[in-house]
Amino acid sequence: MLQGYDYTTIVTRSTNYNRTIMSTVSHYLGLFQFGSGPQLESVEQAEKSLPPFNLTFDPRPLGLDALPLAFQPIPVQTMLENDDEVLDTYSACPEYGRYSSSHPDTEDQKNISKIFEPNVDKVAEIYNLDRSKLTVGTLSSLYDILIADYYANNQSKIPFGSPLFLNITYSEESNFAFIFRDWYQIQVTMTPFLNELIDRIDGKFDGRYPNMKWYTYSAHDTNLYNLLVAFNISISSLETAS
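Everything numeric here is computed off the predicted structure, so don't read it as measured data. (Residues numbered from 1 in each chain as written. Predicted model: local features only at pLDDT ≥ 70, side-chain atom pairs only at ≥ 80, totals over all residues. Heavy atoms only, no water.)

Asks: I'm lost on the packing of aromatic side chains in this one. Help?
Replies: When we look at a pair of aromatic rings, we describe it by the centre distance and by the angle of the planes. Evaluation of the coordinates by the stated rule reveals eight aromatic pairs. Seen from their ring centres, Tyr28 and Phe32 are 6.4 Å apart, and the 20° between their planes marks the pair as stacked. Residues Tyr28 and Phe32 agree in their burial class; the two are buried. Measuring from ring centre to ring centre gives 3.8 Å for Tyr150 and Phe160, while their planes differ by 15°; the resulting arrangement is stacked. Of this pair, Tyr150 sits in helix H6 (residues 136–151) while Phe160 sits in the loop between H6 and helix H7 (163–179), and the two are ten residues apart along the sequence. For Tyr150, a relative accessible area of 39% puts it in the partly exposed group. Owing to a relative accessible area of 44%, Phe160 belongs among the partly exposed residues under this scheme. Linked through ring pairs, Tyr143, Tyr150, Tyr151, Phe160 and Phe165 together constitute an aromatic cluster. Just above the ring of Tyr209 sits the side chain of Arg200; from NZ or CZ to the centre is 5.0 Å. (Phe/Tyr/Trp six-rings, centres within 6.5 Å; stacked < 30°, edge-to-face > 60°. Buried < 20%, exposed > 50% of the residue type's maximum accessible area, 1.4 Å probe, protein only. Helix = DSSP H or I, 4+ residues; strand = E, 2+ residues; numbered from the N terminus. Lys NZ or Arg CZ within 6 Å of the ring centre and 35° of its normal.)

Asks: Help me understand helix H8 (residues 183–206), please; the structure alone is not making it clear to me.
Replies: For the α-helix, the turn length of 3.6 residues means that residues three or four positions removed from each other point alike. Its maximal kink placed at Met190, H8 deviates by approximately 45°, while the proline Pro192 follows within four residues. Of all the residues in H8, the buried ones are Gln185, Ile186, Val188, Thr189, Met190, Phe193, Leu194, Glu196 and Gly203. Positioned one or two residues after H8, Gly207 has a phi angle of 95°, which is positive. (Bend = angle between axes of the 7 residues up to and from the residue.)

Asks: Would you take a moment to explain unusual backbone geometry for this structure?
Replies: A negative phi holds for most residues other than glycine; trans holds for most peptide bonds. Its identity as a non-glycine residue notwithstanding, Ala70 has a phi of 55°, on the positive side. Residue placement: Ala70 occurs in the loop between helix H2 (43–49) and helix H3 (89–92). The exposure class assigned to Ala70 is buried, which follows from its relative accessible area of 2%. For Asn128, which is not glycine, the phi dihedral falls at a positive 55°.

Asks: Is there a simple way to explain the packing of H8 against helix H9 (residues 221–230) in this structure?
Replies: Two quantities define a packed helix pair, namely the angle between the axes and the distance from one axis to the other. Remark: H8 packs on H9, axes separated minimally by 10 Å, with the N-to-C direction vectors making an angle of 110°. Relative to H9, the element H8 is oriented roughly perpendicular. Between H8, through Trp183, Ile186, Thr189, Met190, Phe193 and Leu194, and H9, the contact on the second element is made entirely by Asn223, Asn226, Leu227, Val229 and Ala230. Classifying every residue of the contact of H8 with H9 by side-chain character gives eight nonpolar, three polar and no charged. (Axes fitted to C-alpha atoms, helices over the stretch in contact; angles between N-to-C directions. Parallel < 35°, antiparallel > 145°, perpendicular 65-115°, else oblique. Contact = heavy atoms within 4.5 Å. Nonpolar A, V, L, I, M, F, W, Y, C, P; charged D, E, K, R; others polar.)

No statement about biological role is implied by the geometric values presented.
Here's what the structure looks like:
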């Protein structure tokens, strides 16, 4: 499928966050392994391309590899959060903020918050935090931290898989109910992305992108959830751990 990197065949778009950019780099390192990178045309070119530094090693064994281990770099396109209307609509679209602030939580959403309030109490106690400054939304933020600690093999005060951890996980899922209050918000957040996606597909057929073979988006779970809801593939389901 992909015989090597060509900027006309591969395009990568990421949100402006370290974790999504790093995910993209890791993805392409698996796709283009060491040894697949560009080669210089001659030994003479290799010698001339070396910077005039006092090297502590003999570069000649590197051969014609443009980079050590023939690494293939891939450019990752990003935009500042407030400018990214495709992948970071929450930050870039003023309409989203205005609409969210003018539409308070429904009774169902308030009831969901009440379900998770005891877990907020436990988190405040465990981490010795001011309970008055914590909300159910705090649990959603804490979820990302706990997952990062788990994969980094860091010790956490809330063990992975414990009942409290599971309730925090469910709280993260319920957070979508607060983000996506109705169909209008889905339209606001997903229309720019779907328009671009459709344009890429149409461009492949109408000849505007004749060489395009691989288009990568690196974003977040909220982007994926938006997409599922837009296509009526998934709905938010809430439950609590016993």
